[in-house]
Amino acid sequence: MEKTKVLHIVGSLNLGGAETMIMNIFRNIDRSRFRFDFYLSGNSGGFYEEEVLLLGGRIINVGRRKKHPVKYSIELFKLIRKEKYDVIQIHATDAMDGLPAFISWLAGAKKICLFSHNTRGQSMRRQKIMRAMFMPFVTHPQACSDMAAEWMFGKRANKTKTIPLPINCDLCVYDQEFREKERLRLGLTGKKVVGHIGRFQTQKNHEQLIDIFDELIKKDSGYRLVLIGAGNLEESIRKKVKKLEIEEYVLFMGQVDKACRMLSIFDVFLLPSLYEGFPTVLLEAQANGLESVVSSTITPSIALTDLVHFVKLDDSASHWADQLIEYTCERHDTEKFNMLIAKDYSAPSVAAKFSNIYLGD
C-alpha cells in the first residue's frame, strides 16, 4: 500500500512544545501508512534529528528562513512540486509562518494544514496583515486552544479544529524511586525544589522567574531552582543569577531527554510565561500530580485539575513567592490525575485525530 506523504514545516527539531507534539504524533501514528518529511528553518536538525531518521523520517534543511527567505521559499516550492505531498502540515507560532501555506498553494498542494501553537507574537497590526495575506490558503486550520485559534485565524476561528497537544502520560507518572535517586545525584536531598522546563527565550519570561525565586529564598533559604532547557537567552540569565549572588541556589541542566520524568524531583512548578498557546508541560505536570504556579496570561483551559494556580504578571515577586510556598507540598493521588489527563491527551489518541485528518477529505 502506498504511504500517505506528509510534509511537516517547522522551525527546528529541538526540545520544545511544537517539536515534542510532532514527535509524539510520529511515534504513535501508523508509520506503515504514513511517511513524514520535515522541512526546517533552523541551522540543523536539532535534538530529535537522530530519532526522526530512525523512525523513517526525512529532514530537509536549507537554512534559516529569516536570513534566506527567497532561497527558503524557492526550495520549498520545488520540493512540493517534486514530491507531490498528500498533506502539508505547518506548525505556526506567528502569522508569518503562514508564508509556507501560500507557497504550498502555488506548488499545487491540495491539503494545507496549519496548526496554531501560540496566542501572541509580533505586533497585532503585523499579525493582522500577515493573517490576511496567508491564512486564506490554509485548507485545514488547526489550533491547540480556542485562544490560539482566534489569534491566528481571526474570523475563521469558528472553523478551526481544536486538537489537544499530546503527551506521554506513562513518562509523566510520579516516580518516588527516581525522585530520591535523582535528588541525591543533584545534591537536592532535603531541599524544596522549584522546577521550570522551557526554552530560554523572551516568551518564557526567565527574567521575572529569577526575580521571583530571588524573593523566595529571602523568605526561605531551603528552596532550590532547577531550570531545564536551552536557548539564546541562557547566558544573560546566568549572568543575572551571578549578579544576584544566588548561584548556589540555581541549577542549570540544559536540554534533558524525556524531561517530563524530571517533574518527579520537583516540589512545585513555576511558569510565569508572557504568553502560551496550550503548554504541554502543564499537562505533564498535572499528570505527575504536581502543583503549578503560572501566569494568568496562559489559557485557563489548561487547568484540567485543581493543581494549576494562576497569578497576574504584574503582581509582586513577593506575592508570587508566597504562592510558591503555599503550593509546595507532597504529591496528591497521582494515579488519578494521570488517568484523567491520559483520557484525552495521551499521544496515541491525539495521533489518531491527525491520522483521520490526513486520510480524510
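The sections below set out a description of the structure shown in this document. (Residues numbered from 1 in each chain as written. Predicted model: local features only at pLDDT ≥ 70, side-chain atom pairs only at ≥ 80, totals over all residues. Heavy atoms only, no water.)

Some remarks on helix 8 (residues 176–185)
For helix 8, the set of buried residues is Phe178, Arg179, Glu182 and Arg183. What you see down the axis of helix 8 is that its buried residues fit within an arc of 120°, all on one side. In helix 8, those exposed residues whose orientation departs by more than 90 degrees from the buried face are Glu177, Lys181, Leu184 and Arg185. Check the buried side of helix 8 and you find it contacts strand 8 (192–197). A side-chain oxygen of the first residue of helix 8 lies 3.2 Å from the backbone nitrogen of Glu177; this N-cap is Asp175. (Buried < 20%, exposed > 50% of the residue type's maximum accessible area, 1.4 Å probe, protein only. Helix = DSSP H or I, 4+ residues; strand = E, 2+ residues; numbered from the N terminus. Arc of directions from axis to C-beta. Contact = heavy atoms within 4.5 Å. Polar contact = N/O pair within 3.5 Å; in protein donor to acceptor, adjacent residues only side chain to side chain.)

What about the pattern of salt bridges?
The full count for this structure, using the stated rule, is 20 salt bridges. One salt bridge connects Arg27 with Glu51, and the closest N-O pair in it is separated by 2.6 Å. With a gap of 24 residues between them, Arg27 in helix 1 (residues 17–28) and Glu51 in helix 2 (residues 49–54) connect regions that are remote in the sequence. For Arg27, a relative accessible area of 31% translates into the label partly exposed. With its nearest N and O atoms 4.0 Å apart, the salt bridge here joins Asp175 to Arg261. Pair noted here: Asp175 is in the loop between helix 7 (169–172) and helix 8 and Arg261 is in the loop between strand 10 (250–254) and strand 11 (268–271), with a separation of 86 residues, a long-range link. Classification of Arg261 as partly exposed rests on a relative accessible area of 34%. Three or more residues are tied together by salt bridges with common partners; here these are Lys5, Arg35, Asp37, Arg58 and Glu83. (Salt bridge = Lys/Arg side-chain N within 4 Å of Asp/Glu carboxyl O.)

The quantities given are spatial measurements derived from coordinates; they are silent on function.
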